[in-house]
Amino acid sequence: MMVCHRGLTIKISRFLHRLLRPIYDRVTYSETFNRGTGVIDAMEECTKKGLLRPNTLFATLYINNLSTIFPHQQMIETLQRFLHEYLFNQQIQGITIPTIIALVEIFLENQYILYDNKLVYQQIQGNGFQSPLTTILANIFIYSWQKDLVTILDNKNEIFGRSFDEIYFTWNESEESLYELLYTMNRHYPTIRLVITINKNINYLDVNISHIDGELKTQVAHNLNTESYSLPFVFGHQRQKLPLRAPAIDIHPNTKWTQNGLTVAGENGGGSEINQLSDPTGLYVDDDQTIYVADHSNHRIMKWKRDATSGQVVAGGQEQGNGTHQLDTPFDLIVDKVRDSLIISDNGNNKVVRWPGQNGTSKETIISNIRCRGLTIDENGSLYVVDGGKHEVRRHRMGDTEGIVMAGGNGQGSRLDQLNSPSYVFVDRDHSVYVSDLGNHRVMKWEEGAKEGIVVAGGLGEGDSLARLIGPRGVVVDQLGTVYVADYGNHRIMRWPNGDTHGSVIAGGNGQGGQSNQLYYPYGISFDRDGNLYVADTYNHRIQKFHID
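Residues numbered from 1 in each chain as written. Predicted model: local features only at pLDDT ≥ 70, side-chain atom pairs only at ≥ 80, totals over all residues. Heavy atoms only, no water.

A.B. asks: Explain the sheet that holds strand E24 (residues 372-377) to me, and be specific about the residues and the numbers.
C.D. replies: Across the sheet, 4 strands lie side by side as E24-E25-E26-E27; this open sheet has antiparallel pairing. With one partner strand each, in any of the chains shown, E24 and strand E27 (404-408) form the two edges of the open sheet. The mean inter-strand angle of the sheet, taken between neighbouring strand axes irrespective of direction, is 25°. By the bridge criterion, 4 bridges tie E24 to strand E25 (residues 383-387) in an arrangement that is antiparallel. By the bridge assignment, Cys372 is partnered in E25 with Asp387. (Pairing = 2+ DSSP bridges. Helix = DSSP H or I, 4+ residues; strand = E, 2+ residues; numbered from the N terminus. Axes fitted to C-alpha atoms, helices over the stretch in contact; angles between N-to-C directions.)

This is the structure we're talking about:
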């Protein structure tokens, strides 16, 4: 038996997913747990506020077969209400609500179950195969269902969060009253089947949460029958909770940053002393606001602790060269906390190397024969590298020296399946790859498994208008899909909301220069957890911090 779907509906599914996902994420951000650590953070905050009491119960709701439970007509009506409520201009990228609904109807009406190449039946409820649109529709359907519950819990100062088909919340009244509430809620949604667990000791998203007389206890409780994903502590090692360089907070599209940057590294002009930098390019900001900098023309990696007046050499610094203790014009770096090491794009030596932490003095080659500028790592420990010589981005899993192409790989060019001298890369939670396509003056997004990318910033040729870029470098994407990019040739940092045809300037943009409100060919960018922006201001030989307003 198999599910048949036409090529057209697959394209509609991907198109609508790109339209609807950012809206859904924006609306539901505060009610979503992306990791079990989110529950722990919420419960710790609850405890600080004195809301965890001796009688507090923890509840989880598991929704059986979420992708197949929603009747199509009810889903259409739910989606219409959702869009009318949360679309500010009643359209997305010029696509009106009636057009979106018509496309969803085409998608839902073209699902067939075949057996032995014969039509068995047409599916009129849910979706028989996992597609990007299926997940969004199911999420919107359940969001509509849960609204009354969330309102009740908010009024009672309870905790609530959902991760697709698993809901977690606290309850400070009787168990019987909770069952009665859930029964009442579900009368209008007979297709929703809940598995309910209520206790003072409960498992949710691979963490165990319990309390004794109001004293909170949490620990990792990995279920080997579920798909693995990263937690904050695995066998004693801290893991990435968020995409590398992304902020931990939800940044509103109208958020502003101070226009005068603060120099946090290299305030003594260009040079090779430990209180100086020379043409810094890539950077990484740790949770405690320690900054790691690719000190490009000094052939070293520097570490600057918060509020420090000088840095510490943590890799290279032994003159330019290809020895085991040397680097040659490094462009970027990341900190691999699990293996206590740095991963560095040793560009001049055509390598990507690992440099051990704790004052390590020699490097290990991970990838050879590569003109790598930017690199990053995802929550599974897979390494993504930009190969400017081959005009592609590759993903390397542990021990894999060849890797697989995730973006580009079709030669140098300007088609949607090509890149032209790509420079920096960002990977989001869905493993979509964002790459600054330097030679084409654009930023491209390649969803996992896609054969071509989509333009998410620039793409109209070089220029200084708000719709154009010149040689983009560092790129970061926040949790709402907003793209932030170092507009190198225009000496500014641009913000590009998801789906918009032009961006806005959030730092620099006051001409080339060395004043606190100016940049001089900015390269790498990064956010800290609080949403403060850090910029490698290359030819001013400094790192600038722009505080979030």
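A.B. asks: Account for the domain arrangement of the protein chain, naming residues and giving values.
C.D. replies: What the domain assignment lists for the protein chain is domain 1 (52-62 + 71-117), domain 2 (132-198) and domain 3 (262-546). Here the C-alpha centre of domain 2 lies 17 Å away from the C-alpha centre of domain 1. The interface of domain 1 with domain 2 comprises 21 residues on the first partner and 31 residues on the second. Here domain 1 packs against domain 2, burying approximately 2400 Å² in sum over the two surfaces, 62% of which is carbon and sulfur. Taken as a group, Leu57, Leu61 and Tyr62 account for 34% of the area that domain 1 buries against domain 2, more than any other trio of residues on that side. Our count for the domain 1 to domain 2 interface comes out at 1 salt bridge. In this structure, Glu85 and Lys147 form a salt bridge, with 3.2 Å as the shortest nitrogen-oxygen distance. For the interface between domain 1 and domain 2, the tally reads 9 residue pairs in polar contact (both at pLDDT 80 or more). Mapped onto the side of domain 1 that touches domain 2, the elements with two or more residues apiece are strand E2 (57-63), helix H3 (72-86) and helix H4 (97-109). (Domains from an automatic or database assignment. Contact = heavy atoms within 4.5 Å. Buried area = accessible area lost by both parts, 1.4 Å probe. Salt bridge = Lys/Arg side-chain N within 4 Å of Asp/Glu carboxyl O. Polar contact = N/O pair within 3.5 Å; in protein donor to acceptor, adjacent residues only side chain to side chain.)

A.B. asks: Outline the pattern of salt bridges, listing residues and values.
C.D. replies: Under the counting rule described, the total for this entry stands at 16 salt bridges. For Lys363, the salt bridge is made with Asp346, and the minimal N-O distance between the two is 2.8 Å. With a gap of 17 residues between them, Lys363 in the loop between strand E22 (351-356) and strand E23 (364-368) and Asp346 in strand E21 (residues 341-346) connect regions that are remote in the sequence. Like Lys363, the residue Asp346 is buried in the burial classification. Within the structure, one salt-bridge network assembled from shared partners comprises Arg21, Asp25 and Asp430. (Buried < 20%, exposed > 50% of the residue type's maximum accessible area, 1.4 Å probe, protein only.)

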